[in-house]
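Each chain is listed here by its residues.
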Amino acid sequence: MFRHPVTHSKERILYVKKLSTDIDSILEKYPGEPQYLISLLQDVQAQYSYISEENINFICDHVGVPVTKAWSVVTFYRSFSLNPRGEHQVRVCCGTACHLKGADRIAEDLERHLCVEREHTTKDMRFTLETINCPGACAVAPVVMVDDEYLGSTNQADVRQYLKKL
Amino acid sequence: MEKITNIEQLDLLKNSLRKARESGRQVVRVCLGPGCRAQGADKVAAAFRNAVRQQGLPVKVEPLIKETGCHGFCKEGPLVTLEPSGLFYSRVKPDDVEEIVEKTIKNNEVISRLLYSENGTVYKSAQEIPFYKMQKKIASRNVGDIDPLSIEDAIANGAYQAVAKAFASMTPEQVIKDVEVSGLRGRGGAGFPTGRKWRSAADAVKKHPGPVYVVCNGDEGDPGAFMDCVVMEGDPHSVIEGMIIAAYALGARQGFIYVREEYPFAIKNLTIAMEQARSAGLLGANIMGTGFEFDIRINRGAGAYVCGESTALFQSIEGKPGEPRAKYIRSVERGLWDRPTVLNNVETLANIPVIIENGGEWFSKIGPPNSTGTKAFSLVGKVKNVGLVEVPMGVPLSTIVEDIGGGIPGKKSFKAVQTGGPSGGCIPYKLKDVSVDFDSLTKIGSIMGSGGMIVMDDRDCVVDVARYFLRFLEEESCGKCLPCRLGLEAMLEFLDNFAQGKGSLEDIEELKSLAKAVQDGALCALGGSAPNPMLTTLEYFRDEYEAHIIEKRCPAGVCKDLITFHIDSEACTGCGLCASNCPQACITGEDKKPHEISQNACTRCGTCMDLCKFSAITVS
């Protein structure tokens with residue numbers, strides 16, 4: 001079986017422990033049919049911030065799907081993460097309207113500022129930097145979403161300032 | 001709310017809800033569309049509730065605060081409209097709320113500072129504003145008017161009346177016939193006639209009796225498009241109603257709505273709307289006491305653009321990776337779990353109830369004969385009035401961009417409009433009078449697409465835009481078929497070279513032939529239409545490509561490798577903001593004196609230009 005290289009630093013283990021709850025309560029929500037695989041993976045990710053190998057096995061047992069199939073799903077879809085995510089999700093919209101208004105420059109600046117590549121998490125587990133395609137707020141492009149908060153018509157300095165206050 | 005157990009009961013309920021509405025009570029509508037929410041509309045709505053509560057007005061006088069879907073005029077958000085005065089307030093901040101309650105709601109005074117003005121004219125109500133005047137709303141008829149979380153509000157506005165009409169007086173055959181007569185074409189991009197799709201599915205079920213599915217495609221992945229999001233968020237009942245009618249026509253008992261994960265509010269509002277419809281007896285077993293059974297489940301997308309493609313979407317609902325299959329057998333015959341399936345876009349389904357209520361004949365008279373009805377567009381990019389518009393098909397493009405959109409902001413000029421997202425094309429300024437309908441847009445190399453309309457000015461580089469879309473599709477390609485997996489990568493390499501001033505004119509020809517191969521060989525529409533942005537820009541803006549290749553120059557000043565930043569010594573005040581933020585520390589200068597950029601170290605990140613408050617950074 002393909003094993004994803006997951007490194008467990010001390011901070012990570014602590015952070016993941018904080019999020020853990022009983023997986024059974026998630027499994028119970030869906031009947032044990034293969035069609036619920038994706039929904040289950042999404043719910044597990046929403047709860048734990050990522051999908052661990054152990055949880056994939058639990059889900060597979062529940063829906064009756066071979067583990068290899070579940071891995072093909074997890075690695076196919078962009079929104080699934082095999083590594084724990086940071087405390088705050090920083091999402092830079094790179095949709096067309098935002099692209100024309102310089103979203104790429106903001107994403108690059110955040111990479112420098114947070115010392116992390118996009119789609120990765122900072123070492124201290126504070127921030128996960130991601131690019132997304134369009135949350136529909138084109139009117140206030142460029143948009144950066146920090147957790148559930150929208151920063152509209154923003155620029156490098158404003159985003160940095162906002163992150164500092166968190 | 002009590003359960004509706006027969007068709008007449010719905011009518012009675014609607015009438016009583018209407019009557020309650022006409023009591024003269026004031027209504028405050030706060031737009032909570034994606035644009036306004038991003039500008040803090042949720043805080044404005046909360047402030048209204050708070051302020052009204054504090055006033056302690058008697059229940060009869062207390063205004064009703066409605067948090068509605070998108071009003072469309074996103075650029076002026078957060079938007080607030082008041083009834084019965086019809087006042088339209090724009091750019092409302094939470095701090096303005098107390099004043100509005102005090103002056104407008106209690107004393108009928110108009111706060112002129114919050115009114116929208118354009119070219120010196122001040123507009124009191126939304127209907128007078130040019131942006132709204134030229135629109136015709138069918139699919140988004142209730143969006144911005146009703147509270148999407150209240151089924152009573154939707155019913156008072158006429159929701160589920162079309163279902164009642166279909167149940168009471170139409171056979172499934174008549175429903176299909178009416179949709180055929182309407183001439184409605186799929187709003188998701190391809191423009192396939194909806195009636196014909198339903199007919200084929202109905203025939204397929206007759207041939208192979210068994211389950212049939214109705215699926216709503218809400219996986220609106222095109223970057224820069226948010227029409228479906230607005231409909232799902234602002235009027236979820238219209239989508240549900242459209243699906244019930246489709247289910248009735250086909251005899252389906254199970255439906256699915258596939259929504260992008262990036263639209264959490266659409267998922268939330270649809271879920272609540274479905275629960276309310278179920279408890280009102282409008283969804284689930286025995287709908288309106290007729291014995292008809294149909295239920296819907298929501299499937300969340302997981303961030304794969306290709307899942308907007310029909311066969312990939314079915315795979316995803318089945319819990320598999322979203323890889324499309326070749327369509328020698330159409331999905332109306334073998335779709336979800338190999339059973340006949342009708343897949344319609346959100347906007348298409350939102351049109352259905354209106355067609356059933358008013359008749360296909362009525363709908364077919366709107367717009368040109370081959371593209372009937374209206375179309376919603378998200379008008380974004382370098383245009384003054386960014387927002388959501390719905391216009392009859394066949395209006396000239398210039399009407400949308402210049403009259404409704406107010407043209408290009410600042411002193412820049414209108415260069416092109418990109419329609420149809422990554423599968424569409426760029427329409428140059430010289431073709432701005434083209435009629436916006438399915439066939440005319442295809443003729444000039446673009447497509448209608450799902451309705452993203454991205455306006456570009458002379459500071460936007462077409463090579464960069466073509467590269468942007470191609471990179472997007474290259475990343476999103478599922479990798480199943482070779483032409484798309486490797487072809488897009490190779491095409492992107494050419495465009496990357498052009499953007500760096502490398503390559504030769506022969507490369508353009510080679511790129512074109514590669515594009516042809518990808519178009520012919522790709523398994524699904526993602527690959528098949530991927531070359532469109534590049535091909536149309538090449539056709540209409542070849543000179544710009546040549547400027548990159550031959551002159552090593554980016555005329556729009558976008559492509560990083562071909563530009564340099566300078567500081568205008570007259571405009572620079574020497575504030576030092578750029579110098580302290582330059583990641584390369586390559587800006588130097590004395591305090592309060594013009595600064596300078598050291599070109600050797602500059603990486604052209606653009607931070608200085610974005611930060612400068614005096615527009616002193618120039619590009620050449």
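Just so you know, the residues in each chain are numbered from 1, in the order the chain's sequence is written. A letter from A marks each chain and a number from 1 marks each ligand, given out in the order of writing. pLDDT decides what is reported in this predicted model: residues at 70 or higher carry local features, side-chain atom pairs at 80 or more are listed and counted, and totals for whole chains, interfaces and linings draw on all residues regardless. Water and hydrogen atoms play no part in the side-chain values, which are based on all heavy atoms of the structure.

A. Molecular detail of the pairing of strand β3 (residues 127–132) of chain A. Residue and element names in this part refer to chain A. Only protein chains enter the accessibility calculation, which uses a 1.4 Å probe. A residue is then buried if its area is under 20% of the maximum for its type, exposed if over 50%, and partly exposed in between. Strands are runs of DSSP state E lasting at least two residues, helices are runs of H or I lasting at least four, and both sets are numbered from the N terminus onward. With respect to burial, β3 is a largely interior element, six of its six residues being buried. Side chains of β3 alternate between two faces, with F127, L129 and T131 and T128, E130 and I132 buried alike. If DSSP finds at least two bridges between two strands, the strands pair. Sheet analysis places strand β1 (residues 88–93) next to β3, joined by six bridges and oriented parallel. Looking at the pairing, H88 lines up with F127 of β3. With two bridges connecting them, strand β2 (residues 120–121) and β3 associate as antiparallel partners. Considered in β3, the bridge of T121 is made with T128. Linkage of β2 to β3, two consecutive antiparallel strands, is achieved through a turn of five residues, within which M125 is found at a positive phi near 65 degrees.

B. Region of interest: the sheet that holds strand β16 (residues 452–457) of chain B. Residue and element names in this part refer to chain B. Strand order in the open sheet formed by five strands is β13-β12-β16-β14-β15, and the pairing between neighbours is mixed. The sheet terminates laterally at β13 (387–392) and β15 (425–428), the two strands that pair on one side only. Geometrically, the sheet is characterised by an average inter-axis angle of 30 degrees between neighbouring strands, direction not taken into account. In this analysis an axis means a line fitted to C-alpha atoms, helices contributing only their contacting stretch, and an angle means the value between N-to-C directions, from 0 to 180 degrees.

C. Representation of the sheet that holds strand β4 (residues 88–89) of chain B. Residues and elements named next belong to chain B. A sheet is described by the order of its strands in space; here four strands give the open sequence β2-β1-β3-β4, paired in mixed fashion. Because the sheet does not close on itself, it has two edges, and the strands there are β2 (64–68) and β4. Where strand β1 (residues 27–31) lies against strand β3 (residues 80–83), four bridges are found, and the strand directions are antiparallel. Bridge pairing in β3 places V27 opposite E83. Helix-sheet contacts for helix α4 (residues 97–107) involve β1, β3 and β4, and the interaxial angle to β3 is about 30 degrees. In what follows, residue pairs with any heavy atoms lying within 4.5 Å of each other are defined as contacts.

D. Seen up close, the side chain of E241 of chain B. Residue and element names in this part refer to chain B. Along the chain, the position of E241 falls in helix α11 (residues 236–250). At 4.8 Å, R141 is the nearest oppositely charged side chain to E241, a buried residue that forms no salt bridge. Residues contacting E241, with those up to four places away along its chain left out, are A159, Y160, Q161, A162, V163 and P353. Working convention for charge: Lys and Arg count positive, Asp and Glu count negative, and His plus the chain ends are omitted. Each reported salt bridge corresponds to a side-chain nitrogen of Lys or Arg within 4 Å of a carboxyl oxygen of Asp or Glu.

E. Inspection of the pairing of strand β11 (residues 341–345) of chain B at higher detail. All names here are of chain B. Of all five residues in β11, five are buried; the element is thus mostly enclosed. Going residue by residue along β11, you find T341, L343 and N345 tucked away on one face and V342 and N344 tucked away on the opposite face as well. When strand β7 (residues 213–218) meets β11, the two strands line up parallel, connected through five bridges. Following the sheet pairing, V215 is matched in β11 by L343.

F. Molecular detail of the interface of chain A and chain B. Listed as interface residues are 42 residues of chain A and, on the opposing side, 59 residues of chain B. Summing both partners gives a buried area of about 3900 Å² for chain A against chain B, and 54% of it is carried by carbon and sulfur. Its largest share of buried area at the contact with chain B, chain A owes to F76, T96 and L100 of chain A, together 16% of the area lost on that side. Between the two partners, chain A and chain B, sit four salt bridges. Counting of polar contacts relies on pairs of N or O atoms within 3.5 Å, with two restrictions inside protein: one atom must be capable of donating a hydrogen and the other of accepting it, and residues adjacent in sequence are counted only when both atoms are side-chain atoms. The tally of links from chain A across to chain B stands at 20 residue pairs in polar contact (both at pLDDT 80 or more). As a working definition, buried area equals the accessible area (1.4 Å probe) given up by two parts on being put together, with both sides summed.

G. Quick peek at the pattern of salt bridges. Residues and elements named next belong to chain B. For the structure shown, the criterion picks out 45 salt bridges over all chains. Ionic pairing is found between D96 and R113, a salt bridge with its closest N-O pair at 3.0 Å. Of the two residues, D96 sits in the loop between β4 and α4 while R113 sits in the loop between α4 and β5 (116–118), which places them 17 residues apart along the sequence. Note on D96: relative accessible area 10%, which makes it buried. Across the pair K432 and E402 runs a salt bridge whose closest N-O atoms are separated by 3.7 Å. Within this pair, whereas K432 is found in the loop between β15 and α17 (438–443), its partner E402 is found in helix α16 (residues 397–404), the two being separated by 30 residues in sequence. Under the relative-accessibility criterion, K432 is labelled buried at 17%. Note on E402: relative accessible area 29%, which makes it partly exposed. Several salt bridges converge on common partners, so that one network encompasses D96, E99, K103 and R113.

H. View of the packing of aromatic side chains. Residues and elements named next belong to chain B. The aromatic pairing rule takes the rings of Phe, Tyr and Trp, using the six-membered ring of Trp, and pairs them if the centres are within 6.5 Å, calling planes under 30 degrees apart stacked, those over 60 edge-to-face and the rest tilted. Going through the model one piece at a time under the given rule, you end up with 20 aromatic pairs over all chains. Taking the centre distance of 5.1 Å and the plane angle of 80 degrees together, the rings of F167 and Y248 count as edge-to-face. With F167 in helix α7 (residues 161–169) and Y248 in helix α11, this pair connects stretches of sequence that are 81 residues apart. Residues Y305 and F472 carry aromatic rings whose centres are separated by 4.9 Å and whose planes lie at 75 degrees to one another, so their mutual orientation is edge-to-face. Of this pair, Y305 sits in the loop between β10 (292–300) and α13 (310–317) while F472 sits in helix α18 (residues 462–476), and the two are 167 residues apart along the sequence. The burial state of Y305 is the same as that of F472; both residues are buried.

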